[in-house]
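Spelled out, the chains give:
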Amino acid sequence: MFSTGRSPVIIRPHQLDQKRQFRAWLRSAFSARSSVPARGFRGTIVSATGSGKTITAASCALECFPSGRILVTVPTLDLLVQTAQAWRLVGHRAPMVAVCSLENDPVLNELGVRTTTNPIQLALWAGSGPVVVLATYASLVDREDIDAPEGQRKVRGPLEAALAGGERLYGQRMAGFDLAIVDEAHGTAGDLGRPWAAIHDNARIPADFRLYLTATPRILAAPRPQKGTDGQEVELATMADDPNGTYGAWIAELGLSEAIEREILAGFEIDVLEIHDPSPVLGESEEARRGRRLALLQTALLEHAAKWNLKTIMTFHQKVEEAAAFAEKLPETAAELYVNDATDDDLVAADKLPESSINAEFYELEAGRHVPPDRVWSAWLCGDHLVTERREV
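Residues numbered from 1 in each chain as written. Predicted model: local features only at pLDDT ≥ 70, side-chain atom pairs only at ≥ 80, totals over all residues. Heavy atoms only, no water.

### A closer look at the packing of aromatic side chains
Inference 1: For the structure on display, the rule yields 8 aromatic pairs.
Inference 2: Their ring planes at 25° and their centres at 4.9 Å tell us that F41 and F209 sit as a pair that is stacked. Here F41 is found in strand β1 (residues 41-47), whereas its partner F209 is found in strand β10 (residues 207-214), with 168 residues between them in sequence.
Inference 3: Residue F41 is classed as buried on the basis of its relative accessible area of 10%.
Inference 4: A residue is classified by how much of its surface remains accessible, and F209, at 2% relative accessible area, is buried.
Inference 5: Counting every residue linked through ring pairs, the aromatic cluster contains F22, W25, F30, F41, F65 and F209. (Phe/Tyr/Trp six-rings, centres within 6.5 Å; stacked < 30°, edge-to-face > 60°. Helix = DSSP H or I, 4+ residues; strand = E, 2+ residues; numbered from the N terminus. Buried < 20%, exposed > 50% of the residue type's maximum accessible area, 1.4 Å probe, protein only.)

### Topic: the nonpolar core
Inference 1: Grouped together as the largest cluster of nonpolar side chains are 40 residues, with contacts concentrated most on W87, L134 and L211.
Inference 2: Once residues within four sequence positions are removed from consideration, W87 is found in contact with T54, A57, A58, A61, I70, V72, H92, M96, V132 and I181.
Inference 3: Of all hydrophobic cores here, the second largest spans 29 residues; its members include A126, L163, A207 and Y247. (Core = buried A, V, L, I, M, F, W, Y, C linked by side-chain atoms within 4.5 Å. Contact = heavy atoms within 4.5 Å.)

### Observations concerning the pattern of salt bridges
Inference 1: Inspection of the entire model under this criterion finds 13 salt bridges.
Inference 2: A salt bridge links R23 to E63, with the nearest nitrogen and oxygen atoms 2.8 Å apart. Placement of the pair is R23 in helix α1 (residues 13-32) and E63 in helix α2 (residues 53-64), with a sequence separation of 40 residues.
Inference 3: Overall, R23 belongs to the partly exposed group, its relative accessible area being 25%.
Inference 4: The partner of K329 in a salt bridge is E332, with the nearest N and O atoms 3.8 Å apart. Of this pair, K329 and E332 both sit in helix α9 (residues 320-339), 3 residues apart, which is roughly one turn of that helix. (Salt bridge = Lys/Arg side-chain N within 4 Å of Asp/Glu carboxyl O.)

### Points about unusual backbone geometry
Inference 1: Although it is not a glycine, N104 adopts a positive phi angle of roughly 55°.
Inference 2: Within the element layout of this structure, N104 appears in the loop between β3 (96-99) and α4 (106-111).

### So, the environment of Q18
Inference 1: Here Q18 lies in helix α1.
Inference 2: When the C-alpha atoms of Q18 and T56 are compared, they prove to be 7.3 Å apart, with 38 residues separating the residues in sequence.
Inference 3: Sequence-distant contacts of Q18, that is, excluding residues within four places in its chain, are made with I45, S47, T56, A252 and L254.

### Some details on a nonpolar patch on the surface
Inference 1: Nonpolar side chains collect at one region of the surface, where L256, F268, I270 and V272 lie side by side and expose about 490 Å² of accessible area between them.
Inference 2: In this structure V272 comes out as exposed when scored by relative accessible area, which is 77%. (Patch = residues over 30% accessible without salt bridge, like charges linked within 9 Å, V, L, I, M, F, W, Y side chains within 5 Å. Areas by Shrake-Rupley, 256 points an atom, 1.4 Å probe, with all protein chains shown as cover.)

### Remarks on the sheet that holds strand β12 (residues 249-254)
Think of a sheet as strands paired side by side through backbone hydrogen bonds, with each pair either parallel or antiparallel.
Inference 1: Spatially, the 8 strands line up as an open sheet ordered β4-β3-β5-β2-β8-β10-β1-β12, and their pairing is parallel. This sheet does not close on itself; its edge strands, each paired only once, are β4 (113-116) and β12. Strand-to-strand twist of the sheet, defined as the mean angle between neighbouring strand axes without regard to direction, takes the value 20°.
Inference 2: Helix-sheet contacts for α2 involve β1, β2 (69-74), β8 (177-182) and β10, and the interaxial angle to β10 is about 160°.
Inference 3: Where helix α5 (residues 119-126) meets the sheet, its contacts fall on β2, β3, β4 and β5 (131-136), and the angle it forms with β4 comes to roughly 155°. (Pairing = 2+ DSSP bridges. Axes fitted to C-alpha atoms, helices over the stretch in contact; angles between N-to-C directions.)

### Concerning helix α3 (residues 77-90)
Inference 1: Here α3 spans 20 Å end to end across 14 residues, near enough to the 20 Å set by a 1.5 Å rise per residue.
Inference 2: Most of α3 is tucked away, with 10 of its 14 residues classed as buried.
Inference 3: Phi for G91, located one or two positions after α3, is positive at around 130°. (Expected span 1.5 Å × (residues − 1).)

### Focus: the packing of helix α8 (residues 286-308) against α9
Inference 1: It is the contact of α8 with α9, at a shortest axis distance of 9 Å, that shows an interaxial angle of 65°. Remark: the crossing between α8 and α9 carries right-handed chirality. Together, L294, A295, L297, Q298, T299, L301, L302 and E303 of α8 and A325, F326, K329, L330, T333, A334 and L337 of α9 make up the contact between the two elements.
Inference 2: When grouped by side-chain class, the residues that make up the contact of α8 with α9 number 10 nonpolar, 3 polar and 2 charged. (Left-handed = near helix turned anticlockwise from the far one by under 90°. Nonpolar A, V, L, I, M, F, W, Y, C, P; charged D, E, K, R; others polar.)

### A short note on α1
Inference 1: With 20 residues, α1 should cover 28 Å at 1.5 Å per step; its first-to-last C-alpha distance of 29 Å lies within 8% of that length.
Inference 2: Within the sequence span of α1, burial applies to H14, Q15, Q18, K19, F22, W25, L26 and A29. Each buried residue of α1 sits inside an arc of 145° when the element is viewed along its axis, so together they form one side. What points out from α1, more than 90 degrees from its buried face, is the exposed set P13, R27 and S31. (Arc of directions from axis to C-beta.)

### As for the packing of α1 against α2
Inference 1: In contact at an axis separation of 10 Å, α1 and α2 are set at 45° when each is read in the N-to-C sense. Relative to α2, α1 is oriented oblique. The interaxial crossing formed by α1 with α2 has right-handed handedness. Along its contact with α1, which presents Q15, Q18, K19, F22, R23 and L26, the element α2 presents I55, T56, S59, C60, E63 and C64. (Parallel < 35°, antiparallel > 145°, perpendicular 65-115°, else oblique.)

### Here's the deal with the environment of V182
Inference 1: Looking at the element boundaries, V182 is found in strand β8.
Inference 2: With a relative accessible area of 0%, V182 lands in the buried category.
Inference 3: The contacts of V182, once residues within four sequence positions are left out, are T73, Y137, T188, I199, L211, Y212 and L213.

See the structure below:
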């Protein structure tokens, strides 16, 4: 048994439009052919980040394949868990199996999602009948079987192995899918020789219909023929709007500008911070210089938060150690700003200053500008953190 603990999701108008376009695509595919082609039917939904592609795809699958066999592939474990939550929220009650390394995950357990990386177990749990199989792209990567004889140790990833069956699976085999949904599909574009590109091969991952989801389609065109490591010409998968292409025709398209105009997404602005050091310190160590730069960036961030009354902020860094240092030192910078905040006396004194002879603007003082340091919390994350740790943060 499982429980989402939440009310059913509301499908928004733009998602209803995309569902109608999905249904029209299905009807067109069926009317054009009397049988499913060898490569299956393929289509792509291009929709801005945050516009609800996961919910749209889950709703499309529930309405058009209510008792179907469905595969959903995603790039990360975090997204896999979020997808499982979204699909249960939309109303999917079919058995769910996740092909991933998460064991005893509390969220997946609550949702009734079983997990495995064993192809035999996968074939037993999802061999036939209605099912939703969730898989990361890592499940498509070939593996080493240390128990196999020498020369036979390279085996297919668990998803493909379960679909292939054979002697290694002791007679077990998982049936193909009615619908395969490829989320963050731009990550599968490019060299068709890469492991992730197996998702495009209907002989290896059989599915009658493939629905690709992306906010940023990668449209590739090699300027000249490229050679792979084996000397053969590299074949590229491009996301161009092409009914005969790897990703099929674009079923629906919602760009970022349109999403903002329709108030589906919030508008945004880009603020560029430029730091000049007016007083470089001679002989200063590189470590000390990085420390001063870090403090300046933190100050600028906290000043921006104070000006615009921001509550939550996420920063990205080139190096893990920079992210850790930024998070660890931020409360100290916040405390220093709070202690040195302007007082009412400072404001009175500022009003008595003469005007600038060159019309320069004075720094805008504001009493109580910064919050007390005990209200400032920060943490850092990287790819080495466990899913449970990232979720907690």
